[in-house]
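Now for the letters of each chain:
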Amino acid sequence: MSVGVKRILSLFTIFIMLGMCFLAAYRGDQGDNLFAAPVEDITIWYTDSSLTDFLNSAALSIRDEENIRVNVVLYEDMSYMEAIYEASVKGEDFPDLFIVETSNLEEAVKMGIAHPASHNEDSVLTDEHFPNVALSAVTYHGTYFGYPFYYDTAYLLYNATYLAQMAAENGLSGVDLVPATIEDLKNFADLYSTPEGVENFFAWDASDIFYNYFFAGYYFNVGGPSGDDSEIIEVYNEDAVACLKVYQELNQFFSFDSKEHTMEHVMEDFVAGKIVYTIATADALKKIETATFNEEFPYSYGIATLPGIDSEHPAKGLSVTDCAVINGFSEHKEAANTFASYLTTTASNTLYSRTGKLPCVNADASNLMEVPPLVRSCYLSSATLPKLVELENFWMQLELTFNKIWDGEDPDVILKELAELISEEM
């Protein structure tokens with residue numbers, strides 16, 4: 001081989017090596033190759049630290065699939081909404097999207113930090129992907145302002161081992177002791193002896209409206225289907241009063257101190273086998289799973305929908321839905337919509353297993369096989385928190401109303417006072 005040819009080959013080799021170094025450097029700096037579309041950077045804010053690993057994993061996945069780089073920021077200060085607004089107005093390190101309860105949507109819209117979610121032909125905001133209760137939760141005046149992410153709701157939890165034992169002693173099956181109504185629970189308590197070690201036949205956190213709401217919730221209408229209509233506020237009527245009279249009677253019938261029975265205390269007693277029936281929420285599922293794994297819960301358990309008050313008065317529980325909202329100040333709304341859509345559908349396949357949170361997305365996501373279907377049934381028939389800013393104190397007032405009734409005050413008088421107070425505030 002001639003000297004000239006060798007020189008040409010050497011130069012060619014050098015150029016190839018330089019090119020490879022350039023591409024490697026470019027990949028290291030940009031996170032992708034030379035021929036890929038530019039990476040788009042967005043930021044998401046959230047307040048629940050249990051979501052951290054899940055959100056970071058979703059951020060890595062969307063980077064590979066959509067060339068979107070997501071900066072995940074945990075914000076733990078109490079002034080969450082104000083902080084988003086202030087950062088957005090200043091244009092300094094503000095989120096392109098954020099996770100928030102749907103009850104805050106009216107406030108977010110009025111502050112300008114909530115932008116209508118994508119309504120293009122590829123939108124996942126349809127009943128094919130989400131149940132109506134979730135879509136109603138993210139609706140404000142007919143427009144979707146969020147992507148339903150996860151929910152919490154109340155349901156009936158019971159010690160299935162005890163039910164089987166009581167049933168066998170009376171020639172019944174365990175399912176015969178799953179109550180359809182509160183009246184059934186009272187009858188069971190009268191008819192059947194509880195196993196040794198049981199301290200409360202039926203106990204729940206009677207000081208918290210989230211666990212109490214179902215007693216009269218079917219006859220409350222606060223803000224209409226989407227919780228955004230200030231003309232629809234109804235809490236005082238004959239049926240609601242009748243249901244709350246039954247609620248009040250339970251104080252004497254099952255006889256426990258509502259101030260001592262916080263949900264944490266109730267769950268400790270349930271795990272210890274001291275309670276047969278209770279009203280629980282999503283976090284109870286993981287507590288029982290953990291206790292079972294640690295051999296601290298030597299029983300089986302069961303889940304049922306919330307019992308009606310009696311044969312004429314059905315139950316309606318309360319639910320909280322968290323959603324992903326696109327910031328109205330964002331300059332990357334398309335990328336933010338893409339990530340919000342991915343986060344609340346495809347990525348939610350592992351939401352329950354990784355965080356214990358119950359995903360809103362419909363059952364085509366495989367993770368919903370892990371979520372007890374009767375818990376989801378309670379969500380599907382639940383009432384969602386209203387979005388009306390004027391009613392920001394409503395739940396505290398309603399909780400105080402229930403507490404007064406539990407302690408013996410006249411349900412008719414106390415409920416009427418609540419209705420008048422709400423009317424004045426509106």
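Residues numbered from 1 in each chain as written. Predicted model: local features only at pLDDT ≥ 70, side-chain atom pairs only at ≥ 80, totals over all residues. Heavy atoms only, no water.

> Honestly, the pattern of salt bridges in this entry has me stumped. Any pointers?
For the structure on display, the rule yields six salt bridges. With its nearest N and O atoms 2.6 Å apart, the salt bridge here joins D41 to R69. Of the two residues, D41 sits in strand β1 (residues 40-46) while R69 sits in strand β2 (residues 68-74), which places them 28 residues apart along the sequence. A salt bridge links K186 to E249, with the nearest nitrogen and oxygen atoms 3.8 Å apart. Note that K186 is positioned in helix α7 (residues 182-191) and E249 in helix α9 (residues 238-254), a separation of 63 residues in sequence. (Salt bridge = Lys/Arg side-chain N within 4 Å of Asp/Glu carboxyl O. Helix = DSSP H or I, 4+ residues; strand = E, 2+ residues; numbered from the N terminus.)

> So what exactly am I meant to see when it comes to a negative patch on the surface here?
A cluster of acidic residues, E238, D239, E312, E392, E409, D410, D412, E417, E420, E424 and E425, forms a negative patch at the surface. Elements that contribute at least two residues to the negative patch include exactly α9 and α16 (411-425). Looking at which element gives the most residues to the negative patch, the answer is α16, with five residues. (Patch = residues over 30% accessible without salt bridge, like charges linked within 9 Å, V, L, I, M, F, W, Y side chains within 5 Å. Areas by Shrake-Rupley, 256 points an atom, 1.4 Å probe, with all protein chains shown as cover. Lys, Arg positive; Asp, Glu negative; His and termini not counted. Charge placed at Lys NZ, Arg CZ, Asp CG, Glu CD.)

> Can you help me understand the sheet that holds strand β11 (residues 275-280) in this one?
Sheet strands line up and pair through hydrogen bonds in the backbone, either parallel or antiparallel. Judged by pairing direction, the sheet is mixed, and its four strands sit side by side in the order β8-β11-β7-β12 without closing on themselves. Where the open sheet ends on each side, the last strands, each with one partner, are β8 (200-202) and β12 (301-304). The average undirected angle you get between the axes of adjacent strands in this sheet is 30 degrees. Contacts from helix α11 (residues 282-293) reach β7 (155-159), β11 and β12 within the one sheet, and its direction differs from that of β7 by about 25 degrees. (Pairing = 2+ DSSP bridges. Axes fitted to C-alpha atoms, helices over the stretch in contact; angles between N-to-C directions. Contact = heavy atoms within 4.5 Å.)

> Hey, could you run me through the layout of surface pockets in this one?
Over the atoms rolls a probe the size of a water molecule, and its path tells where empty space is left. Space inside the largest pocket adds up to approximately 340 Å³. S103, N104, L391, E392 and N393 are, among the 14 residues lining the largest pocket, the residues nearest its centre. In terms of residue class, the lining of the largest pocket is made up of seven nonpolar, three polar and four charged. (1 Å grid on protein atoms, 1.4 Å probe; cavity = no way out; pocket = protein on both sides within 12 Å on 5 of 7 lines; lining within 4 Å. Points joined across faces, edges and corners; volume = space filled by probe spheres on them. Nonpolar A, V, L, I, M, F, W, Y, C, P; charged D, E, K, R; others polar.)

> Looking at this model, I keep getting lost on the packing of aromatic side chains. Mind explaining?
Under the criterion given, the structure shown has 28 aromatic pairs. Seen from their ring centres, Y140 and F145 are 6.3 Å apart, and the 65 degrees between their planes marks the pair as edge-to-face. We note that Y140, like F145, is buried. Feature note: the residues Y158, F201, F202, W204, F214, F215, Y247, F253, F254, Y277, F402 and W406 constitute an aromatic cluster, connected by ring pairs. Cation over ring: K186 sits above F253, and NZ or CZ is 5.3 Å from the ring centre. It is K286 that lies over the ring of Y352; its NZ or CZ is 4.8 Å from the centre. (Phe/Tyr/Trp six-rings, centres within 6.5 Å; stacked < 30°, edge-to-face > 60°. Buried < 20%, exposed > 50% of the residue type's maximum accessible area, 1.4 Å probe, protein only. Lys NZ or Arg CZ within 6 Å of the ring centre and 35° of its normal.)

> What's the story with the pairing of β2 in this structure? I'm lost.
Within a regular beta strand, the side chains point alternately toward one face of the sheet and then the other, so they alternate between its two faces. Looking at chain direction, β1 and β2 are connected through seven bridges and run parallel. Bridging across to β2, E40 finds its partner in I68. A crossover links β1 with its parallel partner β2, the connecting element being helix α2 (residues 52-66), and its sense is right-handed. (Right-handed = clockwise from strand over helix to strand, strands pointing away.)

> Please clarify how the side chain of N237 should be interpreted in this entry.
Mapped onto the elements, N237 comes out in the loop between β10 (233-234) and α9. Overall, the relative accessible area of 16% leaves N237 in the buried class. Here the side chain of N237 touches Y219 through a polar contact of 2.9 Å, landing on its backbone oxygen. Among the polar contacts listed, one links the side chain of N237 to the side chain of E234, at a separation of 3.5 Å. (Polar contact = N/O pair within 3.5 Å; in protein donor to acceptor, adjacent residues only side chain to side chain.)

> Got a minute to help me understand the pairing of β1 in this structure?
For β1, a buried count of five out of seven residues is recorded, marking the element as mostly surrounded by other parts of the structure. Of the strand pairs in this sheet, β1 and strand β3 (residues 97-101) are connected by two bridges, and their pairing is parallel. In the sheet register, I44 faces β3, and the bridge partner there is L97.

> Whenever I open this one, the packing of helix α10 (residues 263-271) against α11 confuses me. Can you help?
Geometrically, a packed helix pair is captured by the angle between its two axes and the distance between the axes. The geometry of α10 relative to α11 is characterised by a closest axis approach of 11 Å and an angle of 35 degrees between their N-to-C directions. Between α10 and α11 lies a crossing of right-handed hand. Residues M267, F270 and V271 of α10 pack against A284, K287, I288 and A291 of α11. Per-class residue counts for the contact of α10 with α11 are six nonpolar, no polar and one charged. (Left-handed = near helix turned anticlockwise from the far one by under 90°.)

> Mind showing me how you'd approach the confidence of the model for the chain here?
Detailed reading of predicted coordinates is not advised where the pLDDT is low. Looking at the chain as a whole, its pLDDT mean stands at 88, while 88% of the residues score no less than 70. Here helix α1 (residues 3-30) is the element of the chain with the lowest mean pLDDT, 46, and β3 is the one with the highest, 98. In the model, residues 3-35 has pLDDT below 50 throughout and makes 16 contacts with residues more than four positions away in sequence or in other chains. (pLDDT = per-residue confidence, 0-100.)

> Could you clarify how one ought to interpret the nonpolar core in this entry?
One recurring pattern in soluble globular proteins: nonpolar side chains tend to sit buried together. Counting 120 residues, the largest nonpolar core has F202, W204, Y277 and F339 as the members making the most contacts within it. The element best represented in this core is α9, accounting for eight residues. Excluding residues that lie within four positions of it along the chain, F202 makes contacts with L156, I182, L185, F254, F256, Y277, T278 and I279. Within the second largest apolar cluster, 19 residues are counted, among which are A83, I84, F94 and A108. (Core = buried A, V, L, I, M, F, W, Y, C linked by side-chain atoms within 4.5 Å.)

> What is the right way to look at the packing of α9 against α16 in this model?
Between α9 and α16, the shortest axis-to-axis distance is 9 Å and the interhelical angle comes to 125 degrees. One finds that α9 runs oblique with respect to α16. Our pair here, α9 against α16, has a crossing hand that is right-handed. Counting all contacts with α9, which are made through A240, V241, L244, K245 and Q248, the residues of α16 involved are P411, D412 and L415. Tallied by class, residues from the contact of α9 with α16 come to five nonpolar, one polar and two charged. (Parallel < 35°, antiparallel > 145°, perpendicular 65-115°, else oblique.)

> I tried to follow the environment of T161 on my own but got confused; where do I start?
Inspection of the secondary structure assignment puts T161 in helix α6 (residues 160-169). Distance from T161 to G273, taken between C-alpha atoms, is 9.7 Å for residues 112 residues apart in sequence.

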